[in-house]
Structure formats: C-alpha cells, structure tokens
Amino acid sequence: MSQTKTAGPAHQALRARLNEIADLNLSASILSWDMETHMPKGGYATRGEHLATLSRHSHALLTSAETRGLIDAARAEAGDDPDDDAVALAAVADYDATRAAKLPGSFVAERARAQTRAHTDWIEARKTSNFKHFLPALESMFDFARRQADYLGYDDHPYDALLGNYERGMKTRDVAAIFADLRARTLPLVRAIAAHADRVSDACVRGHFSQADQLAFSARLAAAVGYDFERGRIDLSAHPFAINFTRHDVRITTRVYEDFLNPCLFGTLHESGHAMYEQGTALEYVRTPLGRGASLGVHESQSRMWENIVGRSLWFWKRWYPELQQVFPGLATTSLETFYGAINKVSPSLIRVEADEVTYNFHIMLRFEIETGVLEGKLKLADMPEIWRARMQDGLGVTPPDDAQGCLQDIHWSSGMVGYFPTYSLGNLLSAQFFAQAQQEVPGLQAALDRGEYGVLLAWLRERIHHHGRKYPPADLVRRVTGGPISAGPYVDYLWAKFGALYGLSQ
Ligand code: ZN
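Residues numbered from 1 in each chain as written. Predicted model: local features only at pLDDT ≥ 70, side-chain atom pairs only at ≥ 80, totals over all residues. Heavy atoms only, no water.

Looking at the overall build of the chain
Phase 1: Looking only at helices and strands, one finds 20 helices and three strands in the chain.
Phase 2: In terms of C-alpha radius of gyration, the chain reaches 23 Å, essentially the compact-globule figure of 23 Å for 507 residues.
Phase 3: When the backbone C-alpha atoms are referred to their principal axes, the chain occupies close to 65 × 55 × 45 Å.
Phase 4: Counting the 507 residues in the chain, one finds 57% classified as buried. (Helix = DSSP H or I, 4+ residues; strand = E, 2+ residues; numbered from the N terminus. Rg over C-alpha atoms; globule rule 2.2 N^0.38 Å. Buried < 20%, exposed > 50% of the residue type's maximum accessible area, 1.4 Å probe, protein only.)

Laid out in structure tokens, this is it:
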C-alpha cells in the first residue's frame, strides 16, 4: 500500500514544486477538453498559443536547475525502498525531468503550435476525405516525432524512444514479438468465425435509437459500474476520450449514432473504465506526477475490461437487458441471446474504434507497421492511402472506399502521437490477464457480477492497480498483480472461450 516513510524537508520542497507543475499541466488539459467539446471554431485562432504558453512554462519549471536540485536532494533523502511513496515520487520526477530536459523548450513550443494546426487540417481533411489536405501536417508531425526520438535517444530503434512516452520501459522488439504471437493465435479464430459468419446478426442494434435515450441509458450504466458523477461528467465529442484534472474531476466524452446502438453504450463504458482508474488513484498523489495511470497500456486494460469483459458479457446483459428493452421498445421482441450476439458480432471492418474484440488488434498491428516503417524510412507518408488499402485488404479482407474511412480516421497522428497505438492492444491483453487474476483471488466474484454488483471487482482493481497511480513502472505493476510479464495467453483463451461458444466452434 502507499506509504511515505521519508517525508522529510527535501520531499516537501520537491512536492511543492511538482504541485505547481501539475497545476500548469492540468490547466492545459482543461483547455484541451474545452477545445474538443464546447469551444467555437473561432477559438482555434488563439487556443494553440494558450497551450504553447502553458507548455513552455511547465517545461521550463520541470527542467530548471532549481528543480533538478530539488529532485537530487529528495532522491538522496528518500533512500531506495520501492514501496515508499517518497522514493517513487522522486524517481518519477527524475524520469520526467530527465526526458523533458532532452527536449529544447523551443522544440516543445513549436510542436504544440504545429499540433493545433495539424488538428484543424485533419478535421477538414477527414470531413472532405481529402488526404492531400492533411499530408503536409502529417509529414510535419512525423518529422517532430523523429526529432523527438533523436533528442530522447535510443539503443535499438527510434520507435523505442516514442513508445517510452506512453509505456515506460517497453521495447519495439517486445511489441513486435507479442503481436506476432497474438496474430498467429487469433487468425485461426478469425477464419473459423468467417466460415460461420451467418450464425450471428447485428440487425437488432441497427434501427432508430434517439440520442437522448442513448445518452441517458449509457450514463446509467456508467454510474452502475462505478463512475462517480460527483467527480465527473459526460459530454459529446468527435472522438471519445477521458481526461483527468486530478482525481476530483475526471471527465469523459462519448458520441452517438442514432442508427446504431453500440458506439454510445460501449464507448461510454470504455471511457468510464479510464475515468474510474483516475478517480481511484491515491488521495495523497493529487497534483503530483504519481496521480494518474501507470501507463497507457494499463489504462486501456481498465477501459477494455469494463467495455468488453464486463460490458459485452452475457451475465451483464441478463441484468440490464430488460431495462434496455423498456427504453427502446423496438427491442421488445428480440431475445437476450440475439442481442448478446449483436453486440459481439465479429466482422472485419474499416473503423478501428468500432472493431470487434477479435479483429481489433489487427487494426493496431497495421498502424504499428506503418509507424515503424515510416521511421525506418521503408514507407513514405505520401503513399499512406495506398498502403492502407493494401494492408486492410491483405489483413482483414476489406478495402476502405475513401480515406476518411481509411488512414484519416484516427486523431492520433494529428496530435503528434506516434508510438501510442500499440498501447491499445497491450491493454486488451492486460484486461484479460487482470480479470483472470481477479477471478482467482476474489471469492464469489462471478456471483456478485451476476447480481449486478460491480463494486467487488472495482474494489479489487482499486486496491491492486488504481490506488498506486504511477508509482510502479508498468512492467513492475503487471508482475506485482499477476506474478508474471504481459502475455497474449489469457486474452487468446478469453477470445476462444467466448467466441467459440457464440459461434458454435469446436476448438
Ligand atoms: Zn481507451
């Protein structure tokens, strides 16, 4: 559990400085949230400058000689017990400050401004499905990524440096090995399901479902699984996300299609999973770099667990389906089993965020291959639409009719986030690994979940994962929770058990 054995004067001084830096960063997050949700279009003219100024000050404070002195003093005072919060705080501050010091302030500010422009270009390009409109900004974002990797330094692959922004300690070659294993063990399932595709239909979740009813029901589910609305809220945005302004205010967004029920229901559960993680970090970590998730992969394990392992299970809908039928009377004559199939239909498709659990990771592997290929100089960004079409056809057997449904669909590259995508698949794997661990450790877990009591699972996650925030490096946290490293095994087993039963496959 969290504890501070050595909260001496150096720790207190460092903490005060980190509080100040956190305030700048969290204020920037509020501006970003506003930009994605309520800001009028005109706001783009100056919002980039606001963000650049905050980012410049935060960077200057973190990398100043004075902060370096505070970190060194706190490290010397704290000792080396990895379970001591004071040790973890000084170590994480050291990691962040060391990396940040490698990036010149002018580079950080220039990149922040370019990101705002790239974001505007991406929105326009996606709306008109005009890749050429986005290409210059995309090239500039990959150029910033390459320069960032050079500044940060790396041993094997420039991509290692970028992965380190999201998944401390993870190596490109490890991701490649995990993905190769995952692909080899999932492809037979994709093929077996394709041979029985007609056994499941999603017709019942396509029809008309009013926006207001979808939002209200999704919010009920979010509250039921444990998202605390006293410390959160839901808004609409083009691309759903969760954002943390300290554990006391963690917001999510969602999106609604009135002709398709799944995105709002499961997108909301997904973002609630992220938000519950942030809401569960230790109180004493507020306004410090420990007061957020361990890594994006661990984060995604939480969102995927609530979205998929809980939210798309038969036991979850045994509890909720009668109420859903009352809200949407069009479902009155649809059986629970038919609905369960509809929310789990496996179908190779174009859009990553709407992909099913079986094919989702193939979307990630495509992006991972493109990002590493571009950084290695093997692929050209100008060829992206062609590459995308060829690889989608090759991997999933589908071809996007336009770039909006192809290489323009994701927000990440417009925000300069290269190296981010693999964390989604790592999170999928961890979601099953953590859930399997909870099943082993918590007596009566399944019975509680069957009754619609999710607090038992949430309490276990709080204690074993959420509470620790960013205290332990992700690989250490995974080992502490599961006793071993991240592995594709539990996720592959979960997929075969669930979809084997749904599609009537014999293994
Ligand atoms: Zn997510």
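Focus: the domain arrangement of the chain
Phase 1: Split into domains, the chain comes out as domain 1 (9–101) and domain 2 (172–503).
Phase 2: A C-alpha centroid distance of 29 Å is found between domain 1 and domain 2.
Phase 3: Of the roughly 1,900 Å² buried at the junction of domain 1 and domain 2 (both faces included), carbon and sulfur atoms supply 57%.
Phase 4: The largest share of the area that domain 1 buries against domain 2 comes from Trp33, Glu36 and Asp85, three residues that together contribute 28% of it.
Phase 5: Residue Asp83 pairs with Arg480 through a salt bridge whose shortest N-O separation is 2.9 Å.
Phase 6: At the boundary of domain 1 with domain 2, the tally comes to 10 residue pairs in polar contact (both at pLDDT 80 or more). (Domains from an automatic or database assignment. Buried area = accessible area lost by both parts, 1.4 Å probe. Salt bridge = Lys/Arg side-chain N within 4 Å of Asp/Glu carboxyl O. Polar contact = N/O pair within 3.5 Å; in protein donor to acceptor, adjacent residues only side chain to side chain.)

Quick word on the packing of helix H14 (residues 360–375) against helix H16 (residues 422–441)
Phase 1: Viewed as axis vectors pointing N to C, H14 and H16 meet at an angle of 145°, and their least axial separation amounts to 8 Å. As for the relative orientation of H14 and H16, their crossing is left-handed in sense. Where H14 approaches H16, its residues Tyr360, Asn361, Ile364, Phe368 and Glu371 are matched on the opposing element by Pro422, Tyr424, Ser425 and Asn428.
Phase 2: Tallied by class, the residues present in the contact of H14 with H16 amount to five nonpolar, three polar and one charged. (Axes fitted to C-alpha atoms, helices over the stretch in contact; angles between N-to-C directions. Left-handed = near helix turned anticlockwise from the far one by under 90°. Contact = heavy atoms within 4.5 Å. Nonpolar A, V, L, I, M, F, W, Y, C, P; charged D, E, K, R; others polar.)

A word on the nonpolar core
Phase 1: In terms of nonpolar packing, the biggest core is built from 128 residues, with Phe316, Trp317 and Leu457 touching the most fellow members.
Phase 2: Leaving out residues up to four positions away in the same chain, Phe316 has contacts with Leu221, Val225, Leu269, Val310, Gly311 and Tyr454.
Phase 3: Residues Leu61, Ala74, Ala88 and Ala90 belong to the second largest nonpolar core, which totals 19 residues. (Core = buried A, V, L, I, M, F, W, Y, C linked by side-chain atoms within 4.5 Å.)

A short note on the pattern of salt bridges
Phase 1: One pass over the full model with this rule turns up 34 salt bridges.
Phase 2: Taking the shortest distance from any N to any O, the salt bridge between Asp202 and Arg206 comes out at 3.1 Å.
Phase 3: Judged by its relative accessible area of 17%, Asp202 falls in the buried class.
Phase 4: Here Arg206 falls in the partly exposed class, since its relative accessible area comes to 44%.
Phase 5: Note that Asp403 is salt-bridged to Arg389, the shortest N-O span being 3.3 Å.

Observations regarding unusual backbone geometry
Phase 1: One non-glycine residue, Ser129, lies in the positive phi region at around 50°.
Phase 2: Locating Ser129 in the fold gives a position in the loop between helix H5 (105–128) and helix H6 (131–152).
Phase 3: Overall, Ser129 belongs to the partly exposed group, its relative accessible area being 25%.
Phase 4: Although it is not a glycine, Thr246 sits at a positive phi angle of roughly 100°.

Examining the packing of aromatic side chains
In this description, a pair of aromatic rings is defined by centroid distance and the angle of the planes.
Phase 1: Scanning all chains against the criterion turns up 21 aromatic pairs.
Phase 2: Every member of this aromatic cluster is reached through a ring pair, and the members are Phe142, Tyr166, Tyr360, Trp388, Trp413, Tyr420, Phe421 and Tyr424.
Phase 3: Taking the ring centre of Trp33 as reference, the NZ or CZ of Arg251 above it sits at 4.5 Å. (Phe/Tyr/Trp six-rings, centres within 6.5 Å; stacked < 30°, edge-to-face > 60°. Lys NZ or Arg CZ within 6 Å of the ring centre and 35° of its normal.)

Topic: H16
Phase 1: Its 20 residues give H16 an end-to-end C-alpha distance of 29 Å, which sits within 8% of 28 Å, the value for a rise of 1.5 Å per residue.
Phase 2: Counting buried residues in H16 gives 16 out of 20 residues, a clear majority hidden from the surface. (Expected span 1.5 Å × (residues − 1).)

Observations regarding the side chain of Asn361
Phase 1: Note on placement: Asn361 falls in helix H14.
Phase 2: By relative accessible area, Asn361 is classed as buried at 2%.
Phase 3: Every residue in contact with Asn361, bar those within four places of it in the chain, is listed here: Leu182, Ser425, Asn428 and Tyr491.

Examining the sheet that holds strand S3 (residues 250–254)
Strands belonging to one sheet form pairs held by backbone hydrogen bonds; the direction of such a pair is parallel or antiparallel.
Phase 1: A sheet is described by the order of its strands in space; here three strands give the open sequence S1-S3-S2, paired in mixed fashion. Each edge of the open sheet carries a strand with a single partner, namely strand S1 (234–236) and strand S2 (242–244). Mean inter-strand twist for the sheet, computed between neighbouring axes without regard to direction, equals 25°.
Phase 2: Strand direction decides the pairing type here: S2 and S3, joined by three bridges, are antiparallel. Bridge pairing links Asn244 to Val250 in S3.
Phase 3: Where helix H10 (residues 262–279) meets the sheet, it contacts S1, S2 and S3, and its direction lies at approximately 165° from that of S3. (Pairing = 2+ DSSP bridges.)

Details of the pairing of S3
Phase 1: Taken across its five residues, S3 has five buried, putting it largely inside the fold.
Phase 2: Burial along S3 is two-sided: the residues Val250, Ile252 and Thr254 and Arg251 and Thr253 are all buried.
Phase 3: Here three bridges tie S1 to S3, and the two strands are oriented parallel to one another. Across the sheet, residue Ile234 finds its bridge partner in S3, namely Ile252.
Phase 4: Between the antiparallel neighbours S2 and S3 lie five residues, among them Thr246 with a positive phi of about 100°.

Considering the packing of H10 against helix H11 (residues 296–310)
Phase 1: H11 packs onto H10 with a crossing angle of 135° between their chain directions and a minimal axis gap of 7 Å. As summarised for this structure, H10 and H11 are arranged oblique, according to the angle between their axes. The hand of the H10/H11 crossing is right-handed. Residues Phe266, Leu269, His270, Gly273, His274, Met276, Tyr277 and Glu278 of H10 touch H11, and the partners they reach there are Val298, His299, Glu300, Gln302, Ser303, Arg304, Trp306 and Glu307. (Parallel < 35°, antiparallel > 145°, perpendicular 65-115°, else oblique.)

Section: helix H19 (residues 474–482)
Think of an α-helix as turning once every 3.6 residues; residues three or four places apart then point the same way.
Phase 1: Pro474, Leu477, Val478, Val481 and Thr482 are the residues of H19 that are buried. The buried residues of H19 all sit within an arc of 105° when viewed along its axis, so they share a single face.
Phase 2: Those residues of H19 that are buried are in contact with H10, H11, H16 and helix H18 (455–464). (Arc of directions from axis to C-beta.)

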